[in-house]
Amino acid sequence: MDTPVINDLNICVATENGSGSASSNNILFKAIFKMGIPCSSKNMFPSNIQGLPTWYQIRASAEGYLSRKDVIDVMVMFNEPTAAKDVYRVRDGGLILHDDSTPLAANLKRDGVQYIGFPANKLVAKLVPASPLRAKQRNMVYVGALAYLFGIDMSVIKAVLEDTFGKKPAVIESNLICIDAGYQYCKEQGYKQSIARFETIPNGNKGKIITEGNTAAALGAIYGGASVICWYPITPSSSLAEAMEYYLPRLRKQIDGKKPYAIVQAEDEIASAGMVVGAGWAGARAMTSTSGPGVSLMNETIGLAYYAEIPSVFFIIQRGGPSTGLPTRTQQADISLMYGASHGDTRHIILIPHDMNSCFDFARQSFNYADRFQTPVFVAMDLDLGMNMWSSEPLKLNQEPFDYGKRLDAEQLEEWTKAGKKFRRYFDQDGDGIPYRTVPGNEHRMASYFTRGSGHDADARYSEDEHDYKYILDRLRKKFDTARKFVPKPIIEKEKGVRTGIICYGSSYEPVREARDRLKARGLRTNHMLIRALPLTSEVRDFLAEHDTIYLVEQNRDGQMAAIIKDESPELGAKIVSVLIYNGLPATPLEVVNQIFAAAQSAKTA
């Protein structure tokens, strides 16, 4: 037999949604992580509660790659309706595990792959009394089979069960019995495979954690001072607000027996946006979490916050569109929607995290940006980043000083009055486009003003004068341009003499990181820029100028980031070649590599 590779494997588990496979998959994933092996998971689940197919992929990579792997090495075929397709999802030379309690149908037999069967239904029927639990614990049998075949020590499995169900010894014991049944059956049959083997990496994941972006962002928002959270459930953003509901009582002490925060599940997205903007106007650090359809409903209120200059934070966890689209799939297709949300001339600050720590950091910083620039701020994530589990360096749970920007209190206003200086709510005192602001509760006689979404002048008075209107629009644009100097700069990796560049953002970072290594191995060296915010900073233009060809990788059909860059640097935009991946699944390195080589070949023959 061939010599198995060590710690390089992609396992896909095909089950029915609602069958209880989430628990077994998590145990398997955490066991691999606990062995010190770098790993990530991708959950491709349907937009229903129960019955439709779901695929869960676990990638273990000794090289530390975390993107979705190009091929499936092992398929756990536990969903009959999709089995006829699942047998062909496995690479040639791969392995299919199946329940052979009943004979395998003829149409499920394929040449070029190895089949290993084990009677999961029969085994669990002997071990678990007839109940709904029996069907769910059937999944634990494949955990045991995989553990035996690929070298996961049962002591590691037991440790993960104890971590997961620590206060439920009966649950630990019942799951362990089913896992052990799968392990022992494969052992007794003498099953072997030569694809890969897991081996413990001492201290391999020392200090690392497993988390998903929505939890990291929730913690970041808490450390950033969020005190009003108004939201309406929508996939894939709900778990962000739910994480805040879990962690806020643990991280914020009550004051005089009262919670120093409010979490409101509104009746819809329109209401939640109104609550957030109202709280921001009152001086609170307020936020919501939603997805593309929610932004569509919030557009009018976002425009009010932009024009009336009210701090507010919107966490957008992107999914497939248009319309309902693919609500449980991932995309980066709402960049244009966020950048120009609302009607009329608007431009918004967008922070774009790419890993767990930037999910935390940008969530925390978003409130400072909102207060400093008195405007809505978007934190743009996506389902892959937000809902999938990632191994990560520990989050740096630090709470930096809050920056409330140009917010005047009564004492400061009195100093202004004595100096003969007038508070004008929408006037540019300092030449940076950012006016000064007061919030309710300021008792100074000069603190009050009218907040309106209709035409107004620099003193917040109603006005339809064309000069007043143009002044406000020009100042808002100046404020946006000032933000270019302060938003997170791109991360750039450069080598001298390299004239080909790759640009990406958000969750595209991991497939691009791996794709660059493959391109280099095939003779194409590239420089790289990771965009982390809009508006674009000067570094983006410099990167364009320094390269002959730029491949811009994004997960949408229309090249939305490319359009923004071309709009701002039209004379350099011709250098950009879009690499577009928009099938709803997390991008793979091979998709990036193939498109780049195809584009390069096309350019040679043009």
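K.L.:
How would you summarise empty space enclosed by the protein if you had to cite specific residues and measurements?
P.N.:
One simple way to see leftover space: roll a probe sized like a water molecule over the atoms. If you walk through the whole model with that rule in mind, you get 5 cavities of 30 Å³ or more. Computed from the structure, the largest cavity encloses a volume of approximately 60 Å³. Lining the largest cavity are Tyr306, Arg347, His348, Ile349, Phe373, Thr375, Leu476, Lys479 and Phe480. Looking at side-chain class alone, the lining of the largest cavity contains 5 nonpolar, 2 polar and 2 charged residues.

K.L.:
Give a detailed account of the sheet that holds strand 22 (residues 576-580), specifying residues and quantitative values.
P.N.:
The 5 strands lie next to each other as 17-19-18-21-22, forming an open sheet whose pairing is mixed. This sheet does not close on itself; its edge strands, each paired only once, are strand 17 (491-493) and strand 22. When the angles between neighbouring strand axes are averaged without regard to direction, this sheet yields 20 degrees. Bridge count between strand 21 (residues 549-554) and strand 22: 5 bridges; the pairing is parallel. Across the sheet, residue Val553 finds its bridge partner in strand 22, namely Val579.

K.L.:
So what's going on with helix 7 (residues 213-223)? Residues and values would help.
P.N.:
The buried count for helix 7 comes to 11 of 11 residues, which makes it a mostly enclosed element. Buried within helix 7 we find Gly213, Asn214, Thr215, Ala216, Ala217, Ala218, Leu219, Gly220, Ala221, Ile222 and Tyr223. Positioned one or two residues after helix 7, Gly225 has a phi angle of 95 degrees, which is positive.

K.L.:
With reference to specific residues and values, describe the pattern of salt bridges.
P.N.:
A side chain with one charge may pair with a side chain of the opposite charge, provided their charged atoms come close. Scanning all chains against the criterion turns up 37 salt bridges. Between Asp474 and Lys470 there is a salt bridge, with its nearest N and O atoms 2.8 Å apart. Of the two residues, Asp474 and Lys470 are both situated in helix 15 (residues 466-483); the distance of 4 residues between them amounts to about one turn of the helix. The exposure class assigned to Lys470 is exposed, which follows from its relative accessible area of 51%. Shared partners join several salt bridges into a network, and the residues in it are Lys422, Arg424, Asp457, Asp459 and Arg461.

K.L.:
Which residues make up the packing of aromatic side chains, and what are the values?
P.N.:
Across all of its chains, the model carries 15 aromatic pairs by this definition. Both rings, one in Phe423 and one in Tyr449, keep their centres 6.3 Å apart while their planes meet at 75 degrees; by these two values the pair is edge-to-face. Of this pair, Phe423 sits in the loop between helix 14 (410-418) and helix 15 while Tyr449 sits in the loop between helix 14 and helix 15, and the two are 26 residues apart along the sequence. Look at Phe423 and you get buried, because its relative accessible area is 9%.

K.L.:
An account of the sheet that holds strand 15 (residues 376-382) is needed here, citing residue identities and associated values.
P.N.:
Strand order across the open sheet formed by 7 strands is 11-10-12-13-15-14-20, with mixed pairing between neighbours. The two strands at the open ends of the sheet, each matched to only one other strand, are strand 11 (262-265) and strand 20 (533-534). Together, strand 10 (228-231), strand 11, strand 12 (286-290) and strand 13 (312-318) form the strand contacts of helix 8 (residues 238-251), whose direction differs from that of strand 10 by roughly 145 degrees. Together, strand 10, strand 11, strand 12 and strand 13 form the strand contacts of helix 9 (residues 269-281), whose direction differs from that of strand 12 by roughly 160 degrees.

K.L.:
Please provide a residue-by-residue account of unusual backbone geometry, values included.
P.N.:
Residues Thr235 and Pro236 are joined by a peptide bond in cis, for which omega reads 10 degrees. Its location among the elements puts Pro236 in the loop between strand 10 and helix 8. Backbone torsion omega between Gly321 and Pro322 reads 0 degrees, so that peptide bond is classified as cis. Tracing the chain through its elements places Pro322 in the loop between strand 13 and helix 11 (335-339). A positive phi is found at Ser323, a non-glycine position, where the angle reads about 50 degrees. Residue placement: Ser323 occurs in the loop between strand 13 and helix 11.

K.L.:
So, the side chain of Asn7: which residues are in play, and what are the values?
P.N.:
Within the secondary structure layout, Asn7 lies in the loop between strand 1 (5-6) and strand 2 (8-16). Discounting residues that sit within four places of it in the chain, Asn7 has contacts with Ile37, Ala60, Ser61, Ala62, Arg197, Phe198, Glu199 and Ile201.

K.L.:
Lay out the nonpolar core in plain terms, naming residues and giving numbers.
P.N.:
Among the nonpolar cores identified, the biggest contains 54 residues, and Phe118, Leu146, Ile152, Ile157 and Phe198 are the most heavily contacted of them. With 10 residues, helix 4 (residues 132-150) is the single largest residue contributor to this core. When neighbours within four sequence positions are excluded, Phe198 is seen to be in contact with Asn7, Leu9, Ile11, Ile32, Met35, Ile37, Ala60, Phe150, Gly151 and Ile152. With 42 residues, the next largest nonpolar core counts Trp231, Met244, Leu385 and Val487 among its residues.

K.L.:
If you had to explain the state of the cysteines to someone new, which residues and values would you point to?
P.N.:
By the definition in use, this model includes 0 disulfides. Cys39 takes part in no disulfide bond, and the closest cysteine sulfur to it belongs to Cys12, at a distance of 16 Å. Look at Cys39 and you get buried, because its relative accessible area is 0%. With no disulfide of its own, Cys359 lies 14 Å from the sulfur of Cys504, the closest cysteine sulfur.

K.L.:
Describe the environment of Ala83, listing the residues and the values that go with them.
P.N.:
Among the secondary structure elements, Ala83 is positioned in helix 2 (residues 83-86). It is 7.0 Å that separates the C-alpha atoms of Ala83 and Leu108, two residues lying 25 residues apart in sequence. Here Ala83 is in contact with Met77 and Leu108, once residues within four sequence places are set aside.

K.L.:
Residue-level account of helix 16 (residues 509-521), with values.
P.N.:
Since the α-helix turns once every 3.6 residues, residues separated by three or four places project in the same direction. Taking 1.5 Å of rise per residue, the 13 residues of helix 16 would be expected to cover 18 Å, and the 19 Å separating its terminal C-alpha atoms lies within 8% of that figure. Looking only at helix 16, the buried set comprises Tyr509, Glu510, Pro511, Val512, Glu514, Ala515, Arg516 and Leu519.

K.L.:
Break down the environment of Asp111 for me, citing the residues and quoting the values.
P.N.:
Structurally, the position occupied by Asp111 is in the loop between strand 6 (90-99) and strand 7 (114-118). Relative accessible area serves as the criterion here: at 73%, Asp111 is assigned to the exposed category. When the C-alpha atoms of Asp111 and Gly93 are compared, they prove to be 9.2 Å apart, with 18 residues separating the residues in sequence.

K.L.:
Let's hear about the packing of helix 7 against helix 12 (residues 356-373): which residues, and what values?
P.N.:
Packing of helix 7 against helix 12 leaves a shortest axis separation of 7 Å and a crossing angle of 30 degrees. Between helix 7 and helix 12 lies a crossing whose hand is right-handed. Counting all contacts with helix 7, which are made through Gly213, Ala216, Ala217, Leu219, Gly220, Ala221 and Tyr223, the residues of helix 12 involved are Met356, Cys359, Phe360, Ala363, Arg364 and Phe367.

K.L.:
Talk me through the packing of helix 9 against helix 10 (residues 292-308); I want residue IDs and the actual numbers.
P.N.:
Close contact between helix 9 and helix 10 brings their axes to 8 Å; oriented N to C, the two are set at 30 degrees. Between helix 9 and helix 10, the angle is such that the two are roughly parallel. Read as a crossing pair, helix 9 and helix 10 show a hand that is right-handed. Note on element contacts: helix 10 touches helix 9 through Gly294, Leu297, Met298, Thr301 and Ala305, opposite Glu269, Ile270, Ser272, Ala273, Gly274 and Val277.

The rules behind each value
Residues numbered from 1 in each chain as written. Predicted model: local features only at pLDDT ≥ 70, side-chain atom pairs only at ≥ 80, totals over all residues. Heavy atoms only, no water. 1 Å grid on protein atoms, 1.4 Å probe; cavity = no way out; pocket = protein on both sides within 12 Å on 5 of 7 lines; lining within 4 Å. Points joined across faces, edges and corners; volume = space filled by probe spheres on them. Nonpolar A, V, L, I, M, F, W, Y, C, P; charged D, E, K, R; others polar. Pairing = 2+ DSSP bridges. Helix = DSSP H or I, 4+ residues; strand = E, 2+ residues; numbered from the N terminus. Axes fitted to C-alpha atoms, helices over the stretch in contact; angles between N-to-C directions. Buried < 20%, exposed > 50% of the residue type's maximum accessible area, 1.4 Å probe, protein only. Salt bridge = Lys/Arg side-chain N within 4 Å of Asp/Glu carboxyl O. Phe/Tyr/Trp six-rings, centres within 6.5 Å; stacked < 30°, edge-to-face > 60°. Contact = heavy atoms within 4.5 Å. Core = buried A, V, L, I, M, F, W, Y, C linked by side-chain atoms within 4.5 Å. Disulfide = S-S within 2.5 Å. Expected span 1.5 Å × (residues − 1). Left-handed = near helix turned anticlockwise from the far one by under 90°. Parallel < 35°, antiparallel > 145°, perpendicular 65-115°, else oblique.

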